[in-house]
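So the chains spell out like this:
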Amino acid sequence: MTIREQTQAWERETLSRYATLSENSRGRRRPEPEDPLRPCFQRDRDRILHCKSFRRLKQKTQVFLSPEGDHYRTRLTHTLEVSQIARTIARALRLNEDLTEAVALGHDLGHTPFGHAGERALNRLCPGGFTHYRQSLRVVDFLEKDGEGLNLSWEVRNGIVTHTAGAWARTPEGCVVRRADHIAFLNHDIEDAVSAGVLNPESLPREATAVLGTTKSQRITTMITDLIAHSGNGQISFSPEIEAAYAVLKDFMYATVYVDKEAKREEKKVDKLVAELYERLCEQPDLMPNFYMQIAYNEGVDRAVTDYISGMSDEFATRLFEQWFVPQKWSVL
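Residues numbered from 1 in each chain as written. Predicted model: local features only at pLDDT ≥ 70, side-chain atom pairs only at ≥ 80, totals over all residues. Heavy atoms only, no water.

J.: Got a sec to walk through the packing of aromatic side chains? Specific residues and values, please.
T.: Within the structure shown, the criterion is met by 7 aromatic pairs. Centroid distance Phe291 to Tyr292: 5.2 Å. Interplanar angle 70°. Geometry classified as edge-to-face. Considered together, Phe291 and Tyr292 belong to a single accessibility category, that of buried residues. Over the face of the ring belonging to Trp154 we find Arg26, whose NZ or CZ atom lies 3.8 Å from the ring centre. We note Arg280 situated over the ring of Trp324; from NZ or CZ to the ring centre the distance is 5.2 Å. (Phe/Tyr/Trp six-rings, centres within 6.5 Å; stacked < 30°, edge-to-face > 60°. Buried < 20%, exposed > 50% of the residue type's maximum accessible area, 1.4 Å probe, protein only. Lys NZ or Arg CZ within 6 Å of the ring centre and 35° of its normal.)

Given below as structure tokens:
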């Protein structure tokens, strides 16, 4: 018996009957030989962790654009926090942690530079619109490894594309990641907003903090504990009381922090930057690397430009804009 087979036997013996077993995976788009050491979801987790798109998350905005300070979250730290929360929930419910972690680590691979401001800008420009969760699936299916993709299992791909909106994942592990994403971004955005001076913690709605807690740690613990207590039969859900308090807090953030005047002023610059890059690249697609030129030939210039821009880090997009549109210093000898 291989180590992988031993692990699969352990899953059968210890995981919940609602958990997704590695040996029952629907498989990959392209069949591959089994690994002697790792079950399929563990291999998927490793592939995501080592891919280029994952590394670029370290220079992509979470909520605040180019903040001064080392302690604000990036898209990478957000992803790691989602993974930690999701694994805590999965372990308590005896679900498959490898599948949970793979979905969590891959859920934002298709996110644009400059956070949701960049996503909205591309959505206005791209024919047919743009959403980061669909782009995340395109990244793992096709864009990674110069067109080969990561060839992930069906369950991981399903969890990635359903992590934000629309239909819920077909596995409880994928549903856990969607809940963990909500828990993470709301509470960590509050902490970053307080650090940035755009939110007074005393202004948080009392009807929410009275239920969830007055500190980040209290709120996260309350939400995780409640989710574990009220999930069952493969369904992942909060109690009505916690769901209502979460909705109040989320509405408050969207009505205040996410529309803060300072943040909005910077987001207008994002609109301009992304639009200028998009127009220039559509006019001169040969400015893109050869891989994206091939996409332009096969799927159209708009598709290639969208793929190229959405994969950029904040820093790379800014540097490209400066190179093309900001006059450079020069000297006469």
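J.: Let's hear about helix α12 (residues 240-255): which residues, and what values?
T.: With 16 residues, α12 extends 22 Å between its outermost C-alpha atoms, agreeing within 8% with the 22 Å of an ideal straight helix rising 1.5 Å per residue. Considered for burial, the residues of α12 that qualify are Ile242, Ala245, Tyr246, Leu249, Phe252 and Met253. Viewed along the axis of α12, the buried residues span an arc of 125°, placing them on a single side of the element. Facing away from the buried side of α12, by more than 90 degrees, are the exposed residues Pro240, Asp251 and Ala255. (Helix = DSSP H or I, 4+ residues; strand = E, 2+ residues; numbered from the N terminus. Expected span 1.5 Å × (residues − 1). Arc of directions from axis to C-beta.)

J.: Go over unusual backbone geometry with me, naming the residues and quoting the values.
T.: Positive phi, close to 65°, is recorded for Phe114, a residue that is not glycine. Note that Phe114 resides in the loop between α5 (97-106) and α6 (115-125). Even without being glycine, Lys145 reaches a positive phi, approximately 55°. With respect to the element layout, Lys145 can be found in the loop between α7 (132-143) and α8 (154-161).

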